[in-house]
Amino acid sequence: MKVAVAGCCHGELDKLYETLELLQRRNNVQIDLLLCCGDFQAVRNEADLRCMAVSAKYRHMQTFYRYYSGEKKAPVLTIFIGGNHEASNHLQELPYGGWVAPNIYYLGYAGVVKYRGVRIGGISGIFKSHDYKKGHFECPPYNQQTVRSAYHVRNIEVFKLKQLKHPMDIFMSHDWPRSIYHYGNKKQLLKMKSFFRQEVENNTLGSPAASELLQHFQPTYWFSAHLHVKFAALMQHQANIEGQLPKATKFLALDKCLPHRDFLQVIDIDHDPNASDSLEYDIEWLAVLKATNNLINVTSNAWNMPENNGLHAKWDYSATEGALKEILEELSHNLKIPCNFSVTAACYDPYKPQKNMEPVHIINPQTTEFCAQFGLTDINDRIQQVKEEGSVRGEYEEEEEMDSTESAEEPSEYYADNSGLSSSINPDEIMLDEEGGDEDQSTCSVDPSPDHPPDFSASFSDTRIMPDSMMVSSDDAIDSTNEDLEKSGVSEQTEEKSLNERALKRIGKNENGNSAMKKIKRRNQAIYATEDED
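Since we're looking at a predicted model, the values are computed, not measured. (Residues numbered from 1 in each chain as written. Predicted model: local features only at pLDDT ≥ 70, side-chain atom pairs only at ≥ 80, totals over all residues. Heavy atoms only, no water.)

1. Describing the packing of aromatic side chains
Then, in step 1: Following the criterion strictly, the structure yields 21 aromatic pairs and no others.
Then, in step 2: Ring centres 5.1 Å apart and planes at 55 degrees place the aromatic pair Phe 127 and Tyr 132 in the tilted group. One exposure class covers both Phe 127 and Tyr 132, and it is buried.
Then, in step 3: Ring pairs connect the aromatic residues Phe 40, Phe 64, Tyr 68, Phe 80, Tyr 106 and Phe 341, which therefore count as one cluster. (Phe/Tyr/Trp six-rings, centres within 6.5 Å; stacked < 30°, edge-to-face > 60°. Buried < 20%, exposed > 50% of the residue type's maximum accessible area, 1.4 Å probe, protein only.)

Quick look at the structure:
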């Protein structure tokens, strides 16, 4: 079947679908599926714009709202993941995935589905080490911190995905797997994006969490976006089982949706001609969701995932044959995902703009129905409960912090990372001042590949064996936000005390032995007189 893959959409759905229709007419082909690799920007109204982590000048309504309202319908089934420029409040309504508009499906924080027998998985957001081990605690209205942390990848999603054992055909991530640039035309990449050079040479560009998943799944295809450049690579994996042929992954990253940019690629993918034309649940993924339901954390406290280190009674949450049969029986062997999209927020009206619309925390009926059917926890409902309990008891945060500290102190060999995503400044990316340069960086040694340009449309070149150096350090980064807040509080008190002491020191004795205030001429007296709030 013909699968179209798009890079960063940035809300330009009209242009994306128009380009698809043009390709179909020119090449006389029928596109069966569209995959979008993040920065989809499913913005419904002005409140959604407030929940996007971009500067005000980049907050544009674009065209998604027309598909949300029903004015238009996506001409081809569209599946997407979240990136780092999203209406986070909208996507948060669907943590397990769901329809954001008719014929447009979101995979959730992490998710796996099937279409025509092809298994498609994905993980939303980008990697940041300081939020990696936290729970999904954010909810609108967001502050300056949570509007960004809301789209950061969490270890529980990576843990869930790594419980899957069956082969993966396609996997999507917004940011690139770390080290993938060593398996393509690295010379050409650095020629186009020279500001990546230091991180490529230090092997710190990309997501270590995505690298884990790449090594675990070894999928046939891996698609990404984020860095606004087209890049193809072929990674030859080592055989896990003796006598088994090694697998290879075809990697493709694409640009953003703009004229004269490489933001779209059509690929022929083998499928099961006898499989359903409907989007279907993946039963192994559903079984893993049920098995890991008790691991859900909706606090900002760091939390280690279970592992075989003698500290956990259970660490294997992979699906058993019994669990798979139970899922099939619950669904009466009907795996079709119901088309149960519903409008949960007012849609933008260009004739009646509401610039003061505030975001609210919404429980989406799709998620409620999904959780009720499979016995799962509605994350948003749990967050609401935590907020209500915290307001009643007032001591909830302290008790949870004590509990999480015990878990966070457990030694862990589960792959986490103490380095961040890219810290280089991409002039082609939408950035916030607070987003970059806040991570420690680790250096891994990877043998450089020959700079031979791969031809993605015909064949992949520069085939290499995955090095052990792609493995990520097990040093877990512990979040220090609370400590910083405490320090800032202490700093303000110390600062105030220091100001008082300095005022006393200015009082001295004159020649007659009488105390008197020294007259000090200072510039910008009004500034010194105010308390430093920075």
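2. Details of the state of the cysteines
Then, in step 1: Here the structure, examined in full by the defined rule, presents 0 disulfides.
Then, in step 2: Between Cys 257, a cysteine without a disulfide, and Cys 9, which holds the nearest cysteine sulfur, the sulfur-to-sulfur distance is 5.9 Å.
Then, in step 3: Here Cys 257 falls in the buried class, since its relative accessible area comes to 9%. (Disulfide = S-S within 2.5 Å.)

3. Overview of the environment of Phe 341
Then, in step 1: Secondary-structure assignment places Phe 341 in the loop between α11 (321-330) and α12 (365-374).
Then, in step 2: When its relative accessible area of 22% is taken as the criterion, Phe 341 is described as partly exposed.
Then, in step 3: Along the chain, Phe 341 and Asn 103 lie 238 residues apart, while their C-alpha atoms are 9.1 Å from each other.
Then, in step 4: Once residues within four sequence positions are removed from consideration, Phe 341 is found in contact with Tyr 68, Trp 99, Val 100, Ala 101, Pro 102 and Gln 366. (Helix = DSSP H or I, 4+ residues; strand = E, 2+ residues; numbered from the N terminus. Contact = heavy atoms within 4.5 Å.)

4. Description of helix α10 (residues 283-291)
Then, in step 1: Residues of α10 that are buried include every one of Glu 284, Trp 285, Leu 286, Ala 287, Val 288 and Leu 289, and no others.
Then, in step 2: Elements in contact with the buried residues of α10: β6 (110-115), β7 (118-123), α6 (155-161), β13 (279-281), α11 and α12.
Then, in step 3: The opening residue of α10, the one whose side-chain oxygen lies 3.3 Å from the backbone nitrogen of Glu 284, is Asp 282. (Polar contact = N/O pair within 3.5 Å; in protein donor to acceptor, adjacent residues only side chain to side chain.)

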